[in-house]
Amino acid sequence: MAAMIARYQILECVCTTAGSHLYHIRCLQDGTPALLKVPITKHTLPAQWSRFQREYDALQSQDIPGLIKSIALVNDNGQPAMVLEHVAGESLESVLNRRRLDLPTCVRLASELAGILAGLHAAHIIHRDIRPVNFMLDTQQQLRLPDLSLAAFDMQEVAMPGNDLPGDWAYVSPEQTGRMHRPLDYRTDFYSLGITLYRMLTGRLPFAAGDPLEWTHCHIARSPPSPRDSAPEVPQPVSDIVMRLLAKLPEDRYQSARGLQADLDRCLAQWQTSGRIESFPLGLYDVSDYFHIPHKLYGRDQETAALHAAFRRMAATGQPALVTVSGYSGIGKSSLVHELQRPIVHERGYFISGKFDQYQRDIPYATITQAFRELVQQLLAESEARIAGWRQQMQAAVGANGRLIVEVLPQVELIIGPQAPVPALPPTEAQHRLRMVFRQFIAVFTSNEHPLVLFLDDLQWIDAASLTLIEHLLTHPDTRYLLLIGAYRDNEVGAAHPLVTSIDAIRQGGAAVTDIGLAPLAVAHLNQLMADTLHAPPVSCEPLTRMVCERTEGNPFFFTQFLDALHTEGLLQHDAQHRAWQWDLDQIKAKDFADNVVDLMVGKLRQLPAHAQEALQLAACLGNKFDLRHLALVSGQAEVEQHLAAAMRERLIVRTDGSGKFLHDRIQQAAYSLIPEEQRTEVHLRIGRVLLAGMAADELAAHLFDVANQFNRGAALLAERDEKAQVAAIDLRAGRKAKASAAYASACTYLAAGMALLDDSDWACRYELIFSLWLERAECEFLSGNFEVAELLIAELLLRSASKTDKAAAYHLQVEICEVKSENRRAVDNALKCLRLFDIEMSAQPSRGQVQAEYEKLGQNLGERTIESLIDLPLMSNPEML
């Protein structure tokens, strides 16, 4: 430590904040006192160094009352340390551990804290970790803030909470738990401030819990006793302020730190004047300067009740159930489903979700595995003891077949460890085995203690393998405590869509099915959304609401995007003097806006900087959810995350844990449409080439379908024969991987794409590759029920086969097809033709004596085992059954 800060002498440890140790130090040169901030972790990774640097820059540059300024940044052998201006005092945590603060001190400190937050928020900083351990109380009894270690330094960037949840579980907001499906904004700080003020006033926390799941349940589903209930001496207005801060939804909390501070100062003034605090209307000055469209659900009470009823019924009976939510794009299907989060958490259940991609329809099980990947990540964030419990349950469930789960869900290997290969089975048996293992794996997470809700969005784009698996899960008698919610665009799902057939089969199989259809919102509901957005009386908003409603036909997503466009264009402006939003209806009517949501989104995207548009175009090619490292790779820009910042500020995408995600598929569609149609093939081909060149073997194996899809969408521009063969080999691998997962329709797609890249001349120079493609495709077409296509391929194989064993493989498949079609005579003929390749002659109609002789020979070869133990006796007495 002394070597790290050679010019300073350490005097004593002041406290430990969320991410650092804080020391009193003295400059050896002139004796000047200061503070030293040293990260808790001894080995600092580059990303941590970068964050420490950003914290240093923010503490140095921001002139916010109460914020302790940084003076110098020191680096010693890769370990950073930060010198701060001198403040004598101790942490607020230490004070609260030692004694209970009196009421006026609590209110005064809360006002100071609100003032610090007002300064941070004005500088576009979200603290994200408000709690006593991160504040100092100086010798003048003033609050000082030395820690921004977990802060977000651009509050306009929409971000979802990651796996490494910030701060202490006791102080995190509901949206920070990751279970609310909401991006974080500055109002998360108000909830944590509410927890802090509750503890200051009552001497205790509002909740008590022992693990992350229990804390999540408290913050999302439980209402705390009010401070006045816990400590009767707390005046009602102060108690009400705390409860407003602790609202579960950000829209129901204070909307500005200044509005909160105004109410606290009024309480303090009353106390200082009269020694008491009388009730008064809260939030008179609480109007946010920021334009926020509420994430609340409007006008869906009946549909919400139906959804909750389906969940309660499943949780009470254990019987699996399906809920379908249908309606046009942007009608609010996903928003409705996510309203189920609180009752799920209340029942200690799990909620996981996946979204089918309009541009990635051939990746088998991709969306289901995406959902369970989310669940595995939740499990990995739990304690080691709980992970050990999950490991034991998973290993017992999958047994010797764990490799099948790891193949489709590699993250499971982090819990159960490497798995041995499974024995090969004929395709039909392999398909049954996969479904059985997946069902047993899911059963680990479905119990009366922890029911599971699986939400699959955009079912209109579902792949055949996923649809079959869903049908199997919901109709199998062993499936328990599973609610599957599927959302789809009903205008894209006609009577002939496979989804309709599967839903009918699920209903016929005995599973409870609830169908919820969403219609456009009524003007009254949209007007309430408008009023909540603009913090204005509903009556004054109605003319504007009706005008916007006419343009958007009551579609909630289009409506909110239109509102956002009005704000971006300056047609909705905040009047700071009157603390109100203002608009001119005639100006809005005169403005030429797009008539549909895609064109509106395209217009919004075109206003972004060129590098942001280019990044979004490539991201749209990668999928609705995309890996940021892959995006950097294909864009050739290491700073691609900075390029996306503008899109995040415009609430077009969110970022979490190394990945990005379009907030709506219409945004992805709009971004993709920015690529000129004649250039899209070239873009996909370039992406495929870059991904292939930039991936190691294990990463390519994990992202094989992604790479194959990019090449296949760019295949028309492939010219070099060697590269065509290389891509065909990738398609062969993808086809085999899909086949191994019993996703035969998807396998056919990849194998057909590979075949299309080769021609007749390749039978001579790339025989093994082309033969494998033809044979695998023939088998997958057969397993998909496409017998005619399979037989045409087999006929070609029989003509082209270069060896007896290859021709035998084609004959074997032909015999299987004949058996399934009950063409027994033809099956025998093909089998005999195959045997003749190896100089084995057999009669198609053997005599009884010939059959008896063969049985006797077999019996001799079996030794002590009898033929009767292996073959039914009736077969011996009736040779025609052979």
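The text that follows walks through the structure, step by step, so that each part is easy to find. (Residues numbered from 1 in each chain as written. Predicted model: local features only at pLDDT ≥ 70, side-chain atom pairs only at ≥ 80, totals over all residues. Heavy atoms only, no water.)

### A short note on helix α24 (residues 610-622)
Side chains three or four residues apart in an α-helix point the same way, a direct result of the helix having 3.6 residues per turn. End to end, α24 covers 19 Å across 13 residues, agreeing with the expected 18 Å (1.5 Å per residue, within 8%). Among the 13 residues of α24, 10 are classified as buried, and the element is accordingly described as predominantly covered. Every buried residue belonging to α24 is among A612, Q613, A615, L616, Q617, L618, A619, A620, C621 and L622, and all of these are buried. Just past α24, the residue G623 takes up positive phi, approximately 140°. (Helix = DSSP H or I, 4+ residues; strand = E, 2+ residues; numbered from the N terminus. Expected span 1.5 Å × (residues − 1). Buried < 20%, exposed > 50% of the residue type's maximum accessible area, 1.4 Å probe, protein only.)

### A few points about the packing of helix α19 (residues 523-534) against helix α21 (residues 556-568)
The contact between α19 and α21 brings their axes to 12 Å, and the two run at 35°. You can see that α19 and α21 cross each other, and the crossing is right-handed. Together, L526, L529, M530 and T533 of α19 and F559, T560 and L563 of α21 make up the contact between the two elements. For the contact of α19 with α21, the per-class residue count stands at 5 nonpolar, 2 polar and no charged. (Axes fitted to C-alpha atoms, helices over the stretch in contact; angles between N-to-C directions. Left-handed = near helix turned anticlockwise from the far one by under 90°. Contact = heavy atoms within 4.5 Å. Nonpolar A, V, L, I, M, F, W, Y, C, P; charged D, E, K, R; others polar.)

### Some words on the packing of helix α13 (residues 384-398) against helix α16 (residues 427-443)
One can describe the packing of α13 onto α16 by two numbers: an axis separation of 8 Å at closest approach and a directional angle of 155°. One element, α13, and the other, α16, form an angle in the roughly antiparallel class. Every pair of crossing elements has a handedness; the one defined by α13 and α16 is right-handed. Each of M394, A397 and V398 in α13 lies in contact with α16, whose residues at this interface are V437, Q440 and F441. Here the residues of the contact of α13 with α16 sort into 5 nonpolar, 1 polar and no charged. (Parallel < 35°, antiparallel > 145°, perpendicular 65-115°, else oblique.)

### Notes on the nonpolar core
A general feature of soluble globular proteins is that nonpolar side chains tend to end up buried together. Counting 167 residues, the largest nonpolar core has F372, M394, F445, L566 and L616 as the members making the most contacts within it. Residue contributions to this core peak at 10 residues, all from helix α34 (residues 767-783). In this view, F372 contacts I352, L409, F438, F441, I442, F445, L452 and L454; residues no more than four positions away in its chain are not counted. Ranked by size, the runner-up nonpolar core spans 70 residues in total, among them I64, L113, A257 and C267. (Core = buried A, V, L, I, M, F, W, Y, C linked by side-chain atoms within 4.5 Å.)

### Looking at the pattern of salt bridges
Summed over the entire model, instances satisfying the criterion amount to 46 salt bridges. E233 is paired through a salt bridge with R100; the nearest N and O atoms lie 2.7 Å apart. One end of the pair, E233, is in the loop between α6 (227-230) and α7 (236-245); the other, R100, is in the loop between α2 (92-98) and α3 (103-122), and 133 residues separate them in sequence. For E233, a relative accessible area of 53% corresponds to the exposed category. (Salt bridge = Lys/Arg side-chain N within 4 Å of Asp/Glu carboxyl O.)

### Observations concerning the sheet that holds strand β9 (residues 321-326)
Reading across from one edge, β10-β11-β12-β9-β13 is the order of the 5 strands in this open sheet, with parallel pairing throughout. The outermost strands of the open sheet, each flanked by one partner alone, are β10 (350-355) and β13 (512-517). Sheet twist, expressed as the mean angle between neighbouring strand axes with direction ignored, is 15°. (Pairing = 2+ DSSP bridges.)

### Re the packing of aromatic side chains
Enumeration over the complete set of coordinates arrives at 17 aromatic pairs. Here the aromatic rings of W390 and F445 are separated by 5.5 Å at their centres, their planes lie at 35°, and the arrangement is tilted. Here W390 is found in helix α13, whereas its partner F445 is found in the loop between α16 and β11 (452-457), with 55 residues between them in sequence. Summarising the burial analysis for this pair, W390 and F445 share the class buried. (Phe/Tyr/Trp six-rings, centres within 6.5 Å; stacked < 30°, edge-to-face > 60°.)

### A short note on unusual backbone geometry
Look at S822: it is not a glycine, yet its phi comes out positive at around 60°. Along the polypeptide, S822 turns up in the loop between α36 (804-820) and α37 (824-836). The exposure class of S822 is exposed, given its relative accessible area of 56%. Positive phi values are uncommon outside glycine, yet D839 reaches one of about 60°. Following the sequence through the fold, D839 ends up in the loop between α37 and α38 (848-862). On the basis of relative accessibility, which here comes to 70%, the residue D839 falls in the exposed class.

### Points about the environment of H24
As for its position among the elements, H24 is in strand β2 (residues 20-27). The spatial distance from the C-alpha of H24 to the C-alpha of L375 is 44 Å, given a sequence separation of 351 residues. Discounting residues that sit within four places of it in the chain, H24 has contacts with Q9, I10, L11, E12, V14, A34, L35, H86, V87, A88 and G89.

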